[in-house]
Amino acid sequence: MIAVNTPLLSGNELKYVTECIETGWISSEGSFVTKFETEFAQYVNRKHGIAVSNGSAALDIAVKALGLGKGDEVIMPTFTIISPVQSVVTAGATPVLVDSDPITWNMDVDQIEAKITKETKAILVVHIYGLPVDMDPILELCKKYNLKLIEDAAEMHGQTYKGQMCGSFGDISIFSFYPNKHITTGEGGMIVCNDDSIAEKCKKLRNLAFEQQGRRFIHHEIGWNYRMTNLQAALGVAQLEKMDYHIQRKREIGKLYREGLKDLKGFQLPLERTSSSENIYWVFGLVAETEVQQEAMVKRLNDAKIGTRPFFWCMHEQPVFIKMGLFENENYPVAEKLARNGFYIPSGLGLRNEEIAKVISVII
């Protein structure tokens, strides 16, 4: 079986994790947590890094740290994983959706301004699959309407927009370190920001909202146990040391697929670059012209023991949100086509060139 994702653990991961075990520092109190926070924040040009248990936890904290709640609207894409909408909904705020750009697959920034009302308090951007959202128009809207910006850069480790690191744009930005990301801690996430007070709020919320002063176990607000362990952070430090190679390898994988599939008919390949960025191919996706074509290709690959994953399902079509009365009678045709006709093929960092060649041969 050629897995849809195989992580690459080729550096100091074992050395650093062994150090944790030998010293007994395996919880969130260990030194690797601080080291990972500091080095990752520096890498993406932010002042503060706050390590957490996963990317969804990072979003929960980000929404609450910005004070978003009942009566507040947050504009975001419908084409995304459920985590951003879930964090907004559970905070009591209202998600407001926009459609996708058919070429980059990111949110259509031209649709955002028409969705802004007096209740709009934030824009939540989600960079999708390897290319960043067009940030300049969003930054202008945030300034014009005095909106907060949450940047979900879960898939964008090392990606830039016009030379500036993804994850460096938001009032709060978040990353995920799931095994299919450019660097992994198994599970894990990171919040990054520049504001001292926001950073302190995030640190408090990830740790059950313990008070810095006063008697322990007395709480004045609700937080979460969203801490990252020293074991996870040790993996992260080792992975960060290999970041440049990981980005290079992802682009090599993307190039091999693009060359091998250039004559493929009936499927849209990922865009190689925009005027602002070169794709880092978090995954290598294909979008069929029809749902029937998608299903047939996925079956062909699965029959050949080649793993695939469907694209994200649109938020306005999620049964859980429909039951809640959200997004009634809303339609987003571009995102709906992506969700129905899109899938991605093996593209993990551990993928070998001969495996790429086999995948191409089965598709062609």
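Residues numbered from 1 in each chain as written. Predicted model: local features only at pLDDT ≥ 70, side-chain atom pairs only at ≥ 80, totals over all residues. Heavy atoms only, no water.

1. Some points on the overall build of the chain
Here is the rule we go by: Helix and strand definitions follow DSSP, with helices as H or I runs of at least four residues and strands as E runs of at least two, each counted in order from the N terminus. A radius of gyration in this sense is built from C-alpha atoms; the matching globule rule multiplies 2.2 Å by the number of residues raised to 0.38. Exposed residues in this analysis have more than 50% of their type's maximum accessible area, buried residues have under 20%, and partly exposed residues fall in between, with area computed by a 1.4 Å probe over protein chains only. Residues count as neighbours in contact if any of their non-hydrogen atoms are within 4.5 Å of one another. By the counting scheme adopted, Arg and Lys are positive, Glu and Asp are negative, and His together with the chain ends is not counted. One atom stands in for each charge, and that atom is NZ of Lys, CZ of Arg, CG of Asp or CD of Glu.
For the chain, the helix and strand inventory stands at twelve helices and 13 strands. Computed over its C-alpha atoms, the radius of gyration of the chain comes to 20 Å, within 12% of the 21 Å expected for a compact globule of 364 residues. For the chain, the C-alpha atoms occupy an extent of roughly 65 × 55 × 40 Å along the three principal directions. Put simply, the chain has 364 residues, and 55% of those count as buried. For the chain, long-range pairs separated by at least 24 residues make up 71% of all intrachain contacts whose partners lie at least 6 apart in sequence. Positive and negative charge centroids in the chain, built from 39 and 45 side chains respectively, lie 3 Å apart.

2. A short note on the side chain of His-246
Just so we agree on the cut-off: Whenever a nitrogen or oxygen atom comes within 3.5 Å of another N or O atom, the pair is scored as a polar contact, on the condition that within protein one atom can donate a hydrogen and the other can accept it, and that pairs from neighbouring residues in sequence are kept only if both atoms are in side chains.
Secondary-structure assignment places His-246 in helix α8 (residues 243-260). Within the local environment of His-246, its side chain forms a polar contact with the backbone oxygen of His-182, the two atoms lying 2.7 Å apart. With sequence-adjacent residues up to four places away left out, His-246 is seen in contact with Leu-8, His-182, Ile-183, Gln-239 and Leu-349.

3. Brief notes about the sheet that holds strand β8 (residues 172-176)
Adjacent strands of a sheet pair through backbone hydrogen bonds, lying either parallel or antiparallel. Applicable threshold: Strands were regarded as paired on the criterion that DSSP finds at least two bridges between them. Every axis in this analysis is a line fitted to C-alpha atoms, fitted for helices over the stretch in contact. Angles between the N-to-C directions lie between 0 and 180 degrees.
Sheet architecture is open: seven strands sit in the order β1-β9-β8-β5-β4-β2-β3, paired in mixed fashion. Of all the strands in the sheet, just β1 (48-52) and β3 (94-98) have a single pairing partner and so form its edges. When the angles between neighbouring strand axes are averaged without regard to direction, this sheet yields 20 degrees.

4. With respect to the environment of Gly-307
Summarising the element assignment, Gly-307 is placed in the loop between α9 (291-303) and β12 (309-310). Of the residues examined, Gly-307 reaches a relative accessible area of 6% and is grouped as buried. Considering only alpha carbons, one finds Gly-307 and Tyr-344, 37 residues apart in sequence, at a separation of 8.8 Å. Ignoring anything within four residues of it in the chain, the contact list for Gly-307 reads Met-1, Ile-2, Val-4, Asn-302, Tyr-344, Ile-345 and Pro-346.

5. Thoughts on the sheet that holds strand β13 (residues 342-345)
In spatial order, the strands read β10-β11-β13-β12; together these four strands make up an open sheet with antiparallel pairing. Of all the strands in the sheet, the pair left with one neighbour each is β10 (267-268) and β12. Bridging between strand β11 (residues 284-288) and β13 involves four bridges; their strand directions are antiparallel. The partner of Leu-286 across the bridge, within β13, is Phe-343. Along the sheet face, α9 touches β10, β11 and β13 and points at about 20 degrees away from the line of β13.

6. A few points about the pattern of salt bridges
Quick reminder of the rule: By convention in these notes, a salt bridge is any Lys or Arg side-chain nitrogen within 4 Å of a carboxyl oxygen on Asp or Glu.
In this structure the tally under the stated criterion is 18 salt bridges. Between Glu-354 and Arg-352 there is a salt bridge, with its nearest N and O atoms 3.0 Å apart. Among the residues examined, Arg-352 registers a relative accessible area of 45% and is labelled partly exposed. A salt bridge links Arg-352 to Glu-355; the shortest N-O distance between them is 3.5 Å. By relative accessible area, which is 14% here, Glu-355 ends up buried.

7. With respect to the pairing of strand β9 (residues 189-193)
Along β9, five of the five residues are buried, which leaves the element largely enclosed by surrounding structure. Where burial is concerned, the two faces of β9 agree: the one with Gly-189, Ile-191 and Cys-193 and the one with Met-190 and Val-192 are both buried. In this structure, β1 lies alongside β9, joined through five bridges in antiparallel fashion. Bridging across to β9, His-48 finds its partner in Cys-193.

8. Looking at helix α4 (residues 83-90)
Judged by how many residues are buried, α4 sits mostly within the fold: six of eight residues are covered. If you check which residues of α4 are buried, you get Ser-83, Pro-84, Val-85, Ser-87, Val-88 and Val-89. In this fold, the buried residues of α4 make contact with α3 (55-65), β2 (73-77), β3, β4 (120-126), β5 (148-152) and α10 (319-323).

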